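Chain by chain, the residues:
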Amino acid sequence: MTEKELLKDKYKLVLGLEVHLHLSTKKKMFCSCPAEIWEKEPNSLTCPTCLGLPGALPVPNKEAIRKTQLLGLALNSQVNKNTWFDRKHYFYPDLPKGYQISQYKNPLCLGGYIELDLGGKAEIDHVHLEEDVAKSLHLKDKTLLDFNKSGIPLVEIVTKPIFTEIKDAVEFCKKIQTIVRYLGIGNVDMEKGQMRLEANISLRTPQMEKDGKLADYKVEIKNINSFKFMEKAVLAEIQRQVELFENGETPMQENRGYDENSNVTVSQRSKEEANDYRYFPDPDIPPMVFDDNYISELKGELPELPYQLKERIVNTYKIPSNVALRLVYSLGPEIIKKFEVLVKSGLDANRVANTLINKKESHGLSESDFKKFIGVDKEAISKEALEEAVKNVLENNERAVLDLKGGKESALMFLVGQVMKETKGNIDPPKARELINKAIFG
Ligand SMILES: [Zn+2]
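As the structure is a computational prediction, the values presented were derived from the model and not from experiment.

Trainee: Honestly, the coordination of the zinc ion in this entry has me stumped. Any pointers?
Mentor: Four donors placed tetrahedrally around a metal ideally meet at 109.5 degrees, and six donors placed octahedrally ideally meet at 90 or 180 degrees. In this structure, Cys-31 (SG), Cys-33 (SG), Cys-47 (SG) and Cys-50 (SG) serve as the protein donors to the zinc ion, at separations of 2.3 to 2.4 Å. Every donor counted, the 4 donor atoms about the zinc ion form angles of 103 to 114° at the centre, which fits tetrahedral coordination. Here the donor residues for the zinc ion map to a single chain with the spacing C-x1-C-x13-C-x2-C. In this structure Cys-31 comes out as buried when scored by relative accessible area, which is 13%.

In structure tokens:
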């Protein structure tokens, strides 16, 4: 069932997102251990700081802070000039020091938004930076811990509870992923856990929506590691909440996980309120102050962003907006470069765009191979060679030329056929017609 069928006009979905992503930095967030951990021997990239040993002191990673601020600017957020790190207290085996260094009241970036394709803005509450925790590996009868992931710089983008449809939430996440890739600040490979999502879900009545009122609970679905998974998990949770309401009950505020096999969400723990975390500024890390110069320097570092690139491509190459969107958001900056080179070499922009979108095997081809691939190595023939071919045909077919001058249309058809033959099919008939007409009538 779709969300519409589940909600039956009786309920309205309220969905907020937390997008977590690893920054690609040389070092971890608060120590000098390498941050490239994929497929490394477990617990081989650790030190007293990221193991959470007593007495170890954190030193913030400037590169990570700068990259978070760049991301904030790309998301139309405000770079916070006075900010600091807080301790967020809770105990879990993957967090042995008993707190995570995170940000609470004064995150690095405030506000922001992304424009959605069908209009409307997906509003962002804030963007903050924290350290990731270790990885628990649950086996049958024991749990293993790998501290390589402990201390990886982790950005969290928190939206306002503004999504009313799952597809908008998916679009938002995909756009974030693309923006991060264009900025070159993270690989955001979901299969490697470099991007993870959490969805906050509640339902309200149409009247509450009209009055701008939110429900007094929300259910947080944790550890979503693919867009497909998010769609399924949110649908399953909507279904569960609708059923509760229909039975006269109200959903509890809690964290739930999605079980793909049974297609239901399962309770994990009742959700903490902020005061359960006993946040306070980390006394080991001084507050950070940024001035206008620093911020304008950062702005100068921003590359062309996907939404700007999309506008430019539509305006420069006159391709439809939806085609440009697919180019920019599903194919990425390298393919766009290729697109521009191919179009500038004389190929039709729409044709190149559609080939790149629909035929992935064309991505690795050289310029000349790409032309052969789409059957227009025709255009690889030089202008001179084409004109030479036309000249030959006209010289050898005086009768037809005279007929054409006399107004006989069929003579033109004949000559076009001869030019096609002369060029071994490497010219389009309309082009041949144009060249013949030009040669005869000027
Ligand atoms: Zn370390």
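Read on for the rest.
Trainee: For this particular structure, what's the right way to read the sheet that holds strand S16 (residues 280-281)?
Mentor: Paired through their backbone hydrogen bonds, the strands of a sheet run either parallel or antiparallel. Spatial ordering of the open sheet is given by S5-S4-S16, a layout of 3 strands whose pairing is antiparallel. Only two strands of the sheet have a single neighbouring strand rather than two, namely strand S5 (99-102) and S16. Summarising the sheet, strand S4 (residues 86-89) and S5 pair through 4 bridges and their orientation is antiparallel. Residue Asp-86 lies in a different strand from S5, and its bridge partner there is Ser-102.

Trainee: Would you mind showing me how to read the nonpolar core here?
Mentor: The tendency in soluble globular proteins is for nonpolar side chains to be buried as a group. Leu-21, Leu-71, Ile-157 and Phe-172 are the most contacted members of the largest nonpolar core, which has 71 residues in total. Core analysis: the next-biggest nonpolar cluster, separate from the first, contains 25 residues, Ile-335, Ile-336, Ile-357 and Phe-370 among them.

Trainee: I tried to follow the pairing of strand S12 (residues 195-204) on my own but got confused; where do I start?
Mentor: Remember that side chains alternate between the two faces of the sheet whenever the strand is regular. Burial of S12 is extensive: 10 of the 10 residues sit out of reach of the surface. The alternating pattern of S12 places Met-195, Leu-197, Ala-199, Ile-201 and Leu-203 on one face and Arg-196, Glu-198, Asn-200, Ser-202 and Arg-204 on the opposite face, and all of these are buried. In the sheet, strand S1 (residues 12-22) pairs with S12 via 10 bridges, with the strands oriented antiparallel. Within S12, the residue paired with Glu-18 across the bridge is Glu-198. As judged from the 4 bridges shared by S12 and strand S13 (residues 219-224), these two strands associate in the antiparallel manner. If you follow Asn-200 over to S13, its bridge partner there is Glu-220.

Trainee: Would you explain a negative patch on the surface in this entry?
Mentor: On the surface, Glu-388, Glu-395, Glu-398 and Glu-422 cluster together into a patch of negative charge. Residue placement: Glu-398 occurs in helix H14 (residues 398-405). Under the relative-accessibility criterion, Glu-398 is labelled exposed at 59%.

Trainee: When you look at the pairing of strand S11 (residues 153-159) in this model, what are you seeing that I'm missing?
Mentor: Within S11, 7 of the 7 residues are buried, leaving the element largely enclosed by the surrounding structure. Along S11, one buried face is formed by Pro-153, Val-155, Ile-157 and Thr-159 and the opposite face, lined by Leu-154, Glu-156 and Val-158, is buried too. Across 5 bridges, S1 lies against S11 in antiparallel orientation. Bridging across to S11, His-22 finds its partner in Leu-154. Pairing of strand S8 (residues 121-131) with S11, which is carried by 7 bridges, proceeds in the antiparallel orientation. Among the inter-strand pairings, Glu-130 is bridged to a residue of S11, identified as Leu-154.

Trainee: Where do I start with a nonpolar patch on the surface in this structure?
Mentor: A surface patch of nonpolar side chains, amounting to about 240 Å² of accessible area, comprises Leu-137, Leu-139 and Leu-144. Residue position: Leu-139 is located in the loop between strand S9 (135-138) and strand S10 (143-146).

Trainee: Help me understand the packing of aromatic side chains in this model?
Mentor: For any pair of aromatic rings, geometry is given as the distance between the ring centres together with the angle between the planes. Under the defined criterion, the tally for this structure stands at 10 aromatic pairs. On the basis of an interplanar angle of 70° and a centroid distance of 5.8 Å, the ring pair of Tyr-277 and Tyr-279 is categorised as edge-to-face. The class of Tyr-277 is buried, set by a relative accessible area of 10%. Each residue in the set Tyr-90, Tyr-104, Tyr-277 and Tyr-279 is aromatic and connected to the rest through ring pairs, giving one cluster. Over the ring of Tyr-277 we find Lys-88; its NZ or CZ atom is 4.5 Å from the centre of that ring.

Trainee: Help me understand the packing of helix H4 (residues 166-183) against helix H6 (residues 227-246), please; the structure alone is not making it clear to me.
Mentor: For any two helices packed against each other, the geometry comes down to the angle between their axes and how far apart the axes lie. One way to put it is that H4 packs onto H6 with a least axis distance of 10 Å and a crossing angle of 150°. Taken together, H4 and H6 sit at an angle that is classed as roughly antiparallel. Crossing handedness for the pair H4 and H6: right-handed. Across the interface between the two elements, Ile-166, Ala-169, Val-170, Cys-173, Lys-174 and Gln-177 from H4 touch Phe-227, Met-230, Glu-231, Val-234, Leu-235 and Ile-238 from H6. For the contact of H4 with H6, the residue count by class is 9 nonpolar, 1 polar and 2 charged.

Trainee: Would you mind showing me how to read unusual backbone geometry here?
Mentor: The general pattern is negative phi for most residues beyond glycine and trans for most peptide bonds. Of note, Asn-43 is a non-glycine position whose phi angle comes to about 60°, a positive value. Here Asn-43 is to be found in the loop between S1 and helix H2 (48-51).

Trainee: I would appreciate a short explanation of H6 in the present structure.
Mentor: Since there are 3.6 residues in each turn of an α-helix, residues three or four apart along the chain are aligned in direction. Taking 1.5 Å per residue, 20 residues should reach 28 Å; H6 reaches 29 Å between its end C-alpha atoms and fits that length. Within H6, burial applies to Phe-227, Phe-229, Met-230, Ala-233, Val-234, Ala-236, Glu-237, Ile-238, Arg-240, Gln-241, Val-242 and Leu-244. At the N-terminal boundary of H6, the capping side chain belongs to Ser-226, with an oxygen 3.0 Å from the backbone nitrogen of Phe-229. Downstream of H6 by one or two residues, Gly-248 has phi in the positive range, about 80°.

Criteria and cut-off values
Residue positions are counted from 1 within each chain, in the order its sequence is given. Reporting of local features is limited, given that this is a predicted model, to residues whose pLDDT is at least 70; pairs of side-chain atoms are given and counted only at 80 or more, and all residues count toward the totals for whole chains, interfaces and linings. Hydrogens and waters are ignored; side-chain quantities use all the structure's heavy atoms. Here the term donor refers to an N, O or S atom within 2.8 Å of the metal (or 3.2 Å for Na, K and Ca), and because water is left out of the atoms, sites may appear incomplete. Note on geometry labels: four donors, all angles 85 to 135 degrees, give tetrahedral; four donors become square planar and six octahedral when opposite donors are over 155 degrees apart and every other angle is between 65 and 115; remaining cases are irregular. Accessible area is worked out with a 1.4 Å probe on protein chains only. A residue is then buried under 20% of its type maximum, exposed over 50%, and partly exposed in between. Two strands pair if DSSP finds at least two bridges between them. Strands here are runs of E lasting at least two residues and helices are runs of H or I lasting at least four, both read from the DSSP assignment and numbered beginning at the N terminus. The nonpolar core is taken to be a set of buried Ala, Val, Leu, Ile, Met, Phe, Trp, Tyr and Cys residues, with the residues joined through side-chain atoms within 4.5 Å. Without a salt bridge and with relative accessible area above 30%, a residue can belong to a patch; like charges are then joined within 9 Å and nonpolar side chains (Val, Leu, Ile, Met, Phe, Trp, Tyr) within 5 Å. Exposure was quantified through the Shrake-Rupley algorithm and a 1.4 Å probe, taking into account, for residues, occlusion by the shown protein chains and nothing else. Only one rule defines a salt bridge in this text: a Lys or Arg side-chain nitrogen within 4 Å of an Asp or Glu carboxyl oxygen. Counting rule applied: Lys, Arg positive; Asp, Glu negative; His and chain ends not counted. Lys charges are placed at NZ, Arg charges at CZ, Asp charges at CG and Glu charges at CD. Between rings of Phe, Tyr and Trp, where Trp is taken as its six-membered ring, a pair exists when centres lie within 6.5 Å; planes separated by under 30 degrees are stacked, by over 60 edge-to-face, and by other angles tilted. Any Lys NZ or Arg CZ that is within 6 Å of a ring centre and within 35 degrees of that ring's normal is treated as a charge sitting over the ring. Between the N-to-C directions of two axes lies an angle of 0 to 180 degrees, each axis being a line fitted to C-alpha atoms and, for a helix, fitted only over the stretch in contact. Relative orientations are named as follows: roughly parallel for angles under 35 degrees, roughly antiparallel for angles over 145 degrees, roughly perpendicular for angles from 65 to 115 degrees, and oblique for any other angle. Definitions for this section: a left-handed crossing has its near helix turned counterclockwise from the far helix by less than a right angle. A right-handed crossing has that turn clockwise. Whether two residues are in contact is decided by their heavy atoms: any pair within 4.5 Å suffices. Residue polarity follows a fixed list, in which Ala, Val, Leu, Ile, Met, Phe, Trp, Tyr, Cys and Pro are nonpolar, Asp, Glu, Lys and Arg are charged, and the others, Gly among them, are polar. To estimate the expected span of a helix, count its residues, drop one, and scale the result by 1.5 Å. In the analysis that follows, any N or O atom pair within 3.5 Å is treated as a polar contact, provided that within protein one partner can donate a hydrogen and the other can accept it, and provided that, for residues neighboring in sequence, both atoms belong to side chains.

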